[in-house]
Structure formats: C-alpha cells, structure tokens
Amino acid sequence: MKLATYKDGSRDGQLVVVSRDLSTAHYATGIAHKLQQALDDWNFISPQLHDLYVTLNQGKARHAFPFDPAQCMAPLPRAYQWADGSAYINHVELVRAARSSEVPTSFYADPLMYQGGSDDFIGPCDDVVVASEDFGIDFEAEIAVITGDVPMGATPDQALDGVRLLMLANDVSLRNLIPAELAKGFGFFQSKPATAFSPVAITPDEIGDAWQGGRVHLTVQSTWNGRKVGMCEAGPEMTFHFGQLVAHITKTRNVRAGSIVGSGTVSNKGVELEGRKDWPKGYSCIAEKRAIETILDGKPSTEFMQFGDTIRIEVKGKDGLSVFGAIDQKITSLT
C-alpha cells in the first residue's frame with residue numbers, strides 16, 4: 001500500500017492512503033490519524049489501512065479525492081530517529097580518490113552512518129531554504145526505509161523484517177561547511193540541514209521482485225534545473241543492504257518504530273570508454289560530479305546549487321509509473 005501525510009496546520013499532519021497510480025487518496029480517519037500511530041500498532045492498524053487501499057484502487061472509496069503531492073508533508077513529518085548511511089562504497093571511493101585518499105579497509109565491512117536531525121523534515125514539494133549560497137548547496141538522491149521496533153543485537157535478517165515502508169530522500173548537504181565540522185572530530189551537524197522525503201511511503205510488496213535482498217532494484221532519476229543528471233541503479237551496487245544498516249544501529253541500542261534509515265547517495269561505478277573513464281549513469285549528488293571532474297581533469301568545474309535552482313528526484317517502476325511520487329523542490333534564500 002501507499003501512504004502519505006497531508007498538511008493540516010499541525011506538526012504531524014493527517015494520514016492518507018494513496019492509490020497505486022497516485023491519482024486519488026482517502027483520509028485514514030477512523031483507522032489512524034497520523035503515520036506514527038500506525039507504526040506504533042502496525043500489526044493491528046496496517047490490515048485496516050490495506051483494506052482501505054484495496055477499496056480505493058477499486059474505485060469504490062466513497063470519499064476519495066484527487067491526490068496532490070504539493071499538499072504533502074514528509075510521510076513521517078518528524079521521527080524518533082533519522083540515521084543516514086553511506087551504503088554505496090563507490091561514492092566514498094570517488095570522493096576519497098578526488099583528494100588522493102584511500103578508503104580504509106574497514107569501510108567495506110562496517111557501514112558508515114551519521115545521526116541526522118529528525119525533528120523537522122521537508123515536504124516533497126517544499127522549498128529548500130538556505131541562509132547563503134556560499135554554504136555549497138547540494139542535493140543527495142537516496143532510498144530510505146521506515147522501521148518498526150527492532151531489538152538490540154538483531155541480525156541483518158531480523159533487522160530486515162523490521163522494515164515497514166520505503167521512500168525517497170533528498171539529504172540536503174551544505175558541502176562548504178563539512179570540512180571544518182569533520183575536522184572537529186564529531187561529525188556532521190550544521191552541514192546537514194532538514195531532509196526532504198517523497199510524497200508517499202510504500203510497503204515493500206508494492207514493487208514486487210524489485211525489492212530483493214534488502215535493496216530496491218530500480219533506477220533513481222535526478223533532474224537538476226530541468227536536465228536529467230542521474231539515472232543511477234539503486235540495487236546492484238548497494239554494498240550494505242537495509243537489513244545490515246538497521247542491524248548496525250542495533251549493535252548498541254534498540255531501534256524503535258518510526259525510525260528512518262537512509263542509504264546514502266545512490267552511486268554507480270564508471271566504465272572505460274575509448275581509453276577514458278566515463279560515468280554513463282550520471283550522479284546523484286553534485287559532490288560526486290565534482291569528484292569525477294577532479295579525477296579526470298585535476299579540478300572540479302561544476303558549481304554547487306544557487307538560489308532559484310530546482311531538483312527533482314523520482315523512481316519509475318517496471319510499468320513506467322512513478323513509485324513514490326517525485327521530490328520536486330526549489331532552492332530559496334532565508335530572507
């Protein structure tokens with residue numbers, strides 16, 4: 001099934017069930033008012049939501065209305081936890097190679113992860129508000145999951161069973177703030193502002209066999225200022241699957257229902273083309289494009305985002321239809 005949260009002036013919005021083709025929606029009133037409520041009592045509430053979903057897809061829901069992504073908050077407008085991984089090691093390899101730094105061998109066995117802010121997410125069509133262009137504004141196209149309860153010490157398979165919903169993320173990054181923060185030895189903070197998520201979150205069964213081995217085997221499309229810059233495959237090159245990412249958290253703590261875990265920038269390896277390395281599938285963040293330029297030409301030539309720029313992130317299913325709806329945003333100034 002597909003779920004979204006509509007704006008109603010409150011912090012948590014109203015839960016709606018969305019049709020498979022994203023054309024219509026229906027308030028989940030009487031079942032659950034907000035998504036966190038459904039996650040807290042998933043085994044009891046999700047079958048009721050699914051019944052409404054079936055009725056909606058059959059065109060028999062009495063109070064259905066046209067679905068409007070612009071009215072959406074993030075599916076889970078605020079979360080108990082937002083932990084973002086870096087599961088595509090190719091991305092790490094490129095960024096490190098651009099600064100002549102090797103990837104430690106431990107990175108291939110132990111996932112990278114940081115703890116992001118989870119009290120304030122951005123809706124899929126809301127502006128990305130930034131105080132200054134000098135901060136080095138970047139998008140990051142990612143896959144994310146929302147979990148149920150997963151106990152401390154869970155195995156990757158057990159952790160994967162705790163995945164309730166899938167969605168897209170734009171993990172907005174302020175690249176020029178990162179070096180000074182990392183130099184302090186405590187990790188990202190101001191360089192990682194509020195994250196945006198897709199209009200809808202879906203249960204894994206919605207994509208059939210494209211959900212395989214804890215990975216989404218579909219293409220993540222990134223369109224910057226109307227130009228398609230990324231057609232990256234999310235499945236095959238994901239070094240750590242979502243079960244492994246969630247299990248990484250549970251090494252020392254419980255993961256509670258309503259936790260969000262991100263994949264990190266979706267990234268694909270380059271290929272040799274006429275004696276020169278090429279990346280035909282493009283990129284899912286500007287930092288990676290700049291790293292490629294540095295490797296090939298000795299310096300980056302692509303600038304970071306400016307006020308007025310737009311970014312669209314979307315995944316199409318095997319039927320050609322949008323799976324999660326699109327993150328479609330504009331970069332704007334604080335004043």
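The present account deals with the structure reproduced in this document. (Residues numbered from 1 in each chain as written. Predicted model: local features only at pLDDT ≥ 70, side-chain atom pairs only at ≥ 80, totals over all residues. Heavy atoms only, no water.)

Looking at empty space enclosed by the protein
Under the counting rule described, the total for this entry stands at one cavity of 30 Å³ or more. Here the largest cavity defines a volume of roughly 40 Å³. Lining the largest cavity, in full, are Asp-12, Lys-34, Leu-35, Gln-36, Leu-76, Pro-77 and Arg-78. For the lining of the largest cavity, the residue count by class is three nonpolar, one polar and three charged. (1 Å grid on protein atoms, 1.4 Å probe; cavity = no way out; pocket = protein on both sides within 12 Å on 5 of 7 lines; lining within 4 Å. Points joined across faces, edges and corners; volume = space filled by probe spheres on them. Nonpolar A, V, L, I, M, F, W, Y, C, P; charged D, E, K, R; others polar.)

Considering the nonpolar core
Side chains of nonpolar character tend, in soluble globular proteins, to be buried together. Phe-67, Leu-166 and Ile-207 are the most contacted members of the largest nonpolar core, which totals 64 residues. The biggest single contributor to this core is helix H6 (residues 242-249), with five residues. Contacts of Phe-67, omitting those with residues within four sequence positions, involve Ala-4, Tyr-6, Val-18, Leu-22, Ser-23, Thr-24, Ala-25, Cys-72, Pro-199 and Val-200. (Core = buried A, V, L, I, M, F, W, Y, C linked by side-chain atoms within 4.5 Å. Buried < 20%, exposed > 50% of the residue type's maximum accessible area, 1.4 Å probe, protein only. Helix = DSSP H or I, 4+ residues; strand = E, 2+ residues; numbered from the N terminus. Contact = heavy atoms within 4.5 Å.)

Side note on helix H2 (residues 42-57)
Taking 1.5 Å per residue as the helical rise, H2 with its 16 residues ought to reach 22 Å, and the 21 Å between its terminal C-alpha atoms agrees with that figure. Trp-42, Ile-45, Ser-46, Leu-49, Leu-52, Tyr-53 and Leu-56 are the residues of H2 that are buried. Looking straight down H2, one finds that the buried residues subtend no more than 120° of arc, so they occupy a single side. Facing away from the buried surface of H2 by more than 90 degrees, the exposed residues are Asn-43, Phe-44 and Asp-51. A positive phi of about 75° marks Gly-59, the residue just after H2. (Expected span 1.5 Å × (residues − 1). Arc of directions from axis to C-beta.)

Describing the layout of surface pockets
Computed from the structure, the largest pocket encloses a volume of approximately 1,000 Å³. Lining the largest pocket are 34 residues, and of these Val-95, Arg-99, Arg-175, Ile-178 and Phe-188 sit closest to its centre. Taken together, the elements giving at least two residues each to the lining of the largest pocket come down to strand E5 (81-85), helix H3 (89-98), strand E6 (113-116), helix H5 (178-183) and helix H7 (286-297). Of the residues forming the lining of the largest pocket, the biggest block, five residues, is contributed by H3. Considered class by class, the residues forming the lining of the largest pocket number 16 nonpolar, nine polar and nine charged. One number sums up the size of the second largest pocket: a volume of about 210 Å³.

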